[in-house]
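Architecture and fold: a report
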Amino acid sequence: MPYYAAILHMLDKEKNLEVRPRHIEYLDKLDEKGKIFARGPFSDESGGLVVYIADSYEEALTLAENDPHVVCESRRLELKEWKVV
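Let me sum up the structure you'll find in this document. (Residues numbered from 1 in each chain as written. Predicted model: local features only at pLDDT ≥ 70, side-chain atom pairs only at ≥ 80, totals over all residues. Heavy atoms only, no water.)

Within the protein chain, the regular secondary structure consists of three helices and four strands. Listing every helix and strand of the protein chain by position from the N terminus yields β-α-β-β-α-α-β. Here the protein chain has a C-alpha radius of gyration of 12 Å; the compact-globule value for 85 residues is 12 Å, and the two agree. A total of 85 residues make up the protein chain; the buried ones form 35% of that total. Sequence-distant contacts in the protein chain: of pairs separated by 6 or more residues, those separated by 24 or more amount to 69%. (Helix = DSSP H or I, 4+ residues; strand = E, 2+ residues; numbered from the N terminus. Rg over C-alpha atoms; globule rule 2.2 N^0.38 Å. Buried < 20%, exposed > 50% of the residue type's maximum accessible area, 1.4 Å probe, protein only. Contact = heavy atoms within 4.5 Å.)

With antiparallel pairing, the four strands of this open sheet are ordered in space as β2-β3-β1-β4. Two strands lie at the open edges of the sheet, namely β2 (36-41) and β4 (75-82), each paired on one side alone. On average, adjacent strands in this sheet sit at an angle of 15° to one another, irrespective of strand direction. The sheet contact formed by strand β1 (residues 3-10) and β4 spans eight bridges and is antiparallel. Note that in β4 the partner of isoleucine 7 across the bridge is glutamate 78. Its contacts with the sheet put helix α1 (residues 13-32) on β1, β2, β3 (47-53) and β4, and the angle it makes with β2 is roughly 160°. Across the face of the sheet, helix α2 (residues 57-65) comes into contact with β1, β3 and β4 while running at roughly 155° to β4. (Pairing = 2+ DSSP bridges. Axes fitted to C-alpha atoms, helices over the stretch in contact; angles between N-to-C directions.)

The tally for this structure, following the rule as stated, stands at four aromatic pairs. Taken together, a centroid distance of 4.8 Å and an interplanar angle of 75° make the contact between tyrosine 3 and phenylalanine 37 edge-to-face. Placement of the pair is tyrosine 3 in strand β1 and phenylalanine 37 in strand β2, with a sequence separation of 34 residues. Among the residues examined, tyrosine 3 registers a relative accessible area of 21% and is labelled partly exposed. Given a relative accessible area of 42%, phenylalanine 37 falls into the partly exposed group. Aromatic rings pair up to connect Tyr3, Phe37 and Trp82 into one cluster. (Phe/Tyr/Trp six-rings, centres within 6.5 Å; stacked < 30°, edge-to-face > 60°.)

Membership of the largest hydrophobic core comes to 15 residues, with the highest contact counts inside it found for Ala6, Tyr26, Leu27, Leu30, Ile36, Val50 and Tyr52. If you list the elements that add at least two residues to this core, you get β1, α1, β3 and α2. Ignoring anything within four residues of it in the chain, the contact list for tyrosine 52 reads Pro2, Tyr3, Tyr4, Ala6, Tyr26, Leu27, Leu30, Lys35, Ile36, Leu63, Ala64 and Asp67. (Core = buried A, V, L, I, M, F, W, Y, C linked by side-chain atoms within 4.5 Å.)

Structure, rendered in structure tokens:
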């Protein structure tokens with residue numbers, strides 16, 4: 001199954017703190033469904049990374065676009081297929 005790296009670039013640090021609990025809850029639910037390979041913030045506070053497990057780019061894009069950080073525009077989404085070596 002393909003992996004997709006969602007890079008979530010920080011746009012608004014204050015809004016990020018407000019949205020963060022919903023973001024974590026959203027990812028926890030996807031994790032329970034086996035849709036998350038890895039996730040976490042960057043140590044320089046510039047954003048974070050979520051690696052989705054999806055059947056297609058379109059599915060991964062839907063998952064990533066429904067992340068509360070993307071919906072609320074506290075972070076900007078960049079999505080790329082990631083090949084595990």
